[in-house]
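Overview (structure and organization)
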Amino acid sequence: MQETALLTTGDLELLRLQAKSLLTSHTAGSSLISGEQRSLHRGIGMELEELRAYQLGDDVRHIAWRASARSNLPITKVFRAERQQRCLLLVEQHPGMSFATRGELKAATAARVAALLTFATLAQRGETGALIARQRLHHFGYSNRLESGLALIGTAAATPEQQLPNTSITELLTQAQRISRRGDSIFIISDFSRWDDSLSSQLLQLSESRQLTAIQIIDRGEQTLPTLGKLRLRSPYSGQEAIIDSSNTALRQQYEQAMQQQQTQLQALLQRCGIHHLRLHNDDNILATLAASL
């Protein structure tokens, strides 16, 4: 295993071992990691999914003769069969993820989550793919090979560039819709600082036939403005600097209200779109939180 900027080889080896607890903490098929692990196939001895009109190319052995006689039309049986688990990671590593007032960088926590989910999926002999939004969008096709998983994790764990991603969130979701399929588990790992209601229709379409989980990475210092006197702040996107007086009570209240409003709007968006929402702090025991929530 190669070392990365945010995770060492030792970190990856430990995360690979810890990933097993994400599996043992749930009964088979009950975890969000498992997703909807079944697909439509035709065969004998499998669970019946539905009856529908016979189509050219259907196996004549699966014609439902009684239903056909009643309707005077050829009717065929469609069965459900087990299929391989597929997990797609959408990871945002924009400049704002290079932030921490405690614990580790939000980007490092995001990388750990991506590694745990990748290793857990591979341990179940499933396939993991990823779309990682850095300055450009990195696409990793679905694979059940460890080498591919390590390449994915390496990209997720590289220190974020200090430029805004060229790929919009709209394009990220469009690509996720294109490469995923019905029943896939999709995990969105981000601080969601750039997400708003304009994404609602895309999220609704994506969550209609896929199992979506939003894993929000939070630094507790972002929620309130500390009383530290005058502070020089620098935007991670534009590089612009500003000096503020954090001892100003009205300013601190205004900041806290703005952050609460942003969080409330995000929670409403995810709930409206039927997306499971998990909050992780960068000073949390993320393994315990994930094991209890996924």
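Quick notes on the rules
- Residues numbered from 1 in each chain as written.
- Predicted model: local features only at pLDDT ≥ 70, side-chain atom pairs only at ≥ 80, totals over all residues.
- Heavy atoms only, no water.
- Salt bridge = Lys/Arg side-chain N within 4 Å of Asp/Glu carboxyl O.
- Helix = DSSP H or I, 4+ residues; strand = E, 2+ residues; numbered from the N terminus.
- Buried < 20%, exposed > 50% of the residue type's maximum accessible area, 1.4 Å probe, protein only.
- Lys, Arg positive; Asp, Glu negative; His and termini not counted.
- Contact = heavy atoms within 4.5 Å.
- Pairing = 2+ DSSP bridges.

1. Quick look at the pattern of salt bridges
Tallied over the full model, the rule gives 13 salt bridges. Measuring nitrogen to oxygen at the nearest pair gives 3.2 Å for the salt bridge that ties Arg272 to Asp197. Remark: Asp197 occurs in the loop between strand E7 (185-190) and helix H6 (200-207) and Arg272 occurs in helix H7 (residues 249-272); sequence separation between them is 75 residues. Exposure remark for Asp197: the relative accessible area of 47% places this residue in the partly exposed category. Its salt-bridge partner being Asp284, residue Arg220 comes within 2.9 Å of it at the nearest N-O pair. Taken together, the positions of Arg220 in the loop between strand E8 (211-218) and strand E9 (230-234) and Asp284 in the loop between strand E11 (276-281) and helix H8 (286-293) put the pair 64 residues apart, joining distant regions of the chain.

2. Focus: the side chain of Arg252
Within the fold, Arg252 resides in helix H7. Here Arg252 is buried and forms no salt bridge, its nearest opposite-charge partner Asp245 lying at an N-O distance of 7.1 Å. Those residues in contact with Arg252, other than ones at most four positions away along the chain, are Leu225, Pro226, Thr227, Ser246 and Ser247.

3. What about the pairing of strand E10 (residues 241-245)?
Pairing of E9 with E10, which is carried by five bridges, proceeds in the antiparallel orientation. Within E10, the residue paired with Leu231 across the bridge is Ile244.

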